[in-house]
Amino acid sequence: MKFFQYYDENHTVRLGFCRGGLLADAQASVKKSGAEIPTTLTDVLHHADRKTVLEAYQTIEPVAISGEISFAPAVSAPEKIICIGLNYKAHMDEIGFAREREFPPVFPKYPSSLTGHEQLIHLPKTGEQFDYEAELVIVIGKEAHEVTTEQAQDCIFGYTAGNDFSARDLQFKTGQWLLGKACDDFAPAGPFLVPADALDADHLHISCRVNGELRQDSNTSNMIFSCAEIVSYLSQYMTLKPGDMIYSGTPDGVILGMPDDRKKWLTHGDTIEVTIEGIGTLKNTIA
């Protein structure tokens, strides 16, 4: 069972769930069943009894969504979007970082950076060197403050697929990466949000294709810092809240790591597909 968010005819974000391949509306399904469970993602993420909510969604009769679905971001209103850099050794090697770091680089994106599956990415006029980064995204479901690695796992609600879309010329314009990372549409996330108990986040195949060509092909087992370690580390500095999103780093295969004569930056009309085992494929096209 997977959650997702979509836009209705009034462009209001609604919660859906996928079971057995059927895409269902949460509100209509819960109303029909008579169950007393939340029908918005915010309420699901903040619910004190996560296990009961998930079990209920596994058993209620789904009411299918009619017509074409316009996907919203997997999480649409996070307080924080935090990104981890240089979390795969092969990626560090390809871009010229000689050694692993004791601590990962951390930088933000913002809710205005979010976009959903099959939505267009609009490029800023200020950049030219646009790149993809396939990433597993952690979604927090329980407040985490100074938690241990063991405690951190219980603070994770689930996972989605993300693309840490980047403008490399803006990223390295100064010593800070922010301008090249936090532009509008630079945080695609989706299509599905999968509860943590349904996945082994430390052993998931992750890949990226551009216009059908395989560019990244790795496994989250190659991460330097695991998801639980990342959550624990961040919680020592800031309180993580339900709905917060953490992009956990990208494997090798990005354009930045290619020889200069092979670098062909993303441009209008290119389609990027990020696929993560157990979650699905996040697809976006550049406007």
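In this text the structure is predicted, and so the values were computed from the model without any measurement.

A. Spotlight on the packing of aromatic side chains. The full count for this structure, using the stated rule, is 14 aromatic pairs. Centre to centre, the rings of Phe4 and Tyr6 are 6.0 Å apart; their planes meet at 40 degrees, and the pair counts as tilted. The exposure class of Phe4 is buried, given its relative accessible area of 1%. Counting every residue linked through ring pairs, the aromatic cluster contains Phe3, Phe17, Tyr57 and Phe157.

B. Spatial organisation of the environment of Thr239. Looking at the element boundaries, Thr239 is found in the loop between helix H7 (227–235) and strand E16 (245–247). Each C-alpha atom of the pair Thr239 and Glu143 lies 6.8 Å from the other, and the pair is 96 residues apart in sequence. Ignoring anything within four residues of it in the chain, the contact list for Thr239 reads Lys80, Glu143, Ala144, His145 and Asp244. Polar side-chain contacts of Thr239 include one of 3.2 Å to the side chain of His145.

C. Summary view of H7. By the criterion of burial, H7 is predominantly enclosed, with 7 of the 9 residues buried. Among the residues of H7, those classed as buried are Cys227, Ala228, Ile230, Val231, Ser232, Leu234 and Ser235. In the core, the buried residues of H7 are packed alongside strand E5 (81–84), strand E6 (106–109), strand E10 (134–140), helix H5 (149–152), strand E11 (156–163) and E16.

D. Main features of the sheet that holds strand E8 (residues 120–121). One open sheet accounts for 5 strands, arranged E8-E18-E17-E14-E15; its pairing is mixed. Both edges of this open sheet fall to E8 and strand E15 (213–219), since each of them pairs with a single strand only. For strand E17 (residues 271–276) and strand E18 (residues 280–286), the ladder comprises 6 bridges, and the chain directions are antiparallel. Each residue of the ladder has a partner; that of Ile272, found in E18, is Asn284.

E. Local environment of the pattern of salt bridges. Using the criterion set out here, one finds 15 salt bridges in the structure. Between Lys142 and Asp154 there is a salt bridge; the shortest N-O distance is 2.9 Å. Here Lys142 is found in the loop between E10 and H5, whereas its partner Asp154 is found in the loop between H5 and E11, with 12 residues between them in sequence. Residue Lys142 is classed as partly exposed on the basis of its relative accessible area, which comes to 42%. Put simply, Arg215 and Glu213 hold a salt bridge, and the shortest N to O gap is 3.5 Å. One network of salt bridges, with partners in common, ties together Lys109, Asp131, Glu133, Asp164, Arg168 and Lys181.

F. Structural view of unusual backbone geometry. The linkage connecting Gly190 with the following residue, Pro191, adopts the cis geometry, with an omega of -5 degrees. Structurally, Pro191 is set in strand E13 (residues 187–195). Even without glycine at this site, His11 takes up a positive phi of about 60 degrees. Locating His11 in the fold gives a position in the loop between strand E1 (2–7) and strand E2 (13–19). Backbone geometry at Glu146 places phi at a positive 55 degrees, although glycine is not the residue there.

G. Representation of the pairing of E5 within the structure. Residues Ile81 and Cys83 point to one face of E5 and Ile82 and Ile84 to the other, with burial holding for every one of them. Bridge count between E5 and E6: 4 bridges; the pairing is antiparallel. Bridging across to E6, Ile84 finds its partner in Val106. Sheet topology note: the E5/E16 ladder contains 3 bridges and is parallel. Bridging from a neighbouring strand, Cys83 pairs with Tyr247 of E16.

H. Spatial organisation of the nonpolar core. The biggest cluster of nonpolar side chains holds 51 residues, and the ones touching the most others in it are Tyr132, Ile138, Tyr159, Phe165, Val231, Ile246 and Leu266. At the level of elements, E5, E10, E11, strand E14 (205–210), H7, E17 and E18 are the ones that each hand at least two residues to this core. For this core, the leading source of residues is H7, giving 5 residues. Those residues in contact with Val231 that sit more than four places away from it in its chain are Ile138, Ile140, Ala144, Ala152, Ile156, Leu240 and Ile246.

I. Examining a negative patch on the surface more closely. On the surface, Asp200, Asp202, Glu229 and Glu277 cluster together into a negatively charged patch. The class of Asp200 is partly exposed, set by a relative accessible area of 42%.

J. Layout of the confidence of the model for the protein chain. Summary statistics for the protein chain give a mean pLDDT of 97 and a share of 99% for residues scoring 70 or more. Of all helices and strands in the protein chain, the one with the weakest mean pLDDT is helix H4 (residues 89–94) (93), whereas E17 scores best (99).

Rules used in this analysis
Residues numbered from 1 in each chain as written. Predicted model: local features only at pLDDT ≥ 70, side-chain atom pairs only at ≥ 80, totals over all residues. Heavy atoms only, no water. Phe/Tyr/Trp six-rings, centres within 6.5 Å; stacked < 30°, edge-to-face > 60°. Buried < 20%, exposed > 50% of the residue type's maximum accessible area, 1.4 Å probe, protein only. Helix = DSSP H or I, 4+ residues; strand = E, 2+ residues; numbered from the N terminus. Contact = heavy atoms within 4.5 Å. Polar contact = N/O pair within 3.5 Å; in protein donor to acceptor, adjacent residues only side chain to side chain. Pairing = 2+ DSSP bridges. Salt bridge = Lys/Arg side-chain N within 4 Å of Asp/Glu carboxyl O. Core = buried A, V, L, I, M, F, W, Y, C linked by side-chain atoms within 4.5 Å. Patch = residues over 30% accessible without salt bridge, like charges linked within 9 Å, V, L, I, M, F, W, Y side chains within 5 Å. Areas by Shrake-Rupley, 256 points an atom, 1.4 Å probe, with all protein chains shown as cover. Lys, Arg positive; Asp, Glu negative; His and termini not counted. Charge placed at Lys NZ, Arg CZ, Asp CG, Glu CD. pLDDT = per-residue confidence, 0-100.

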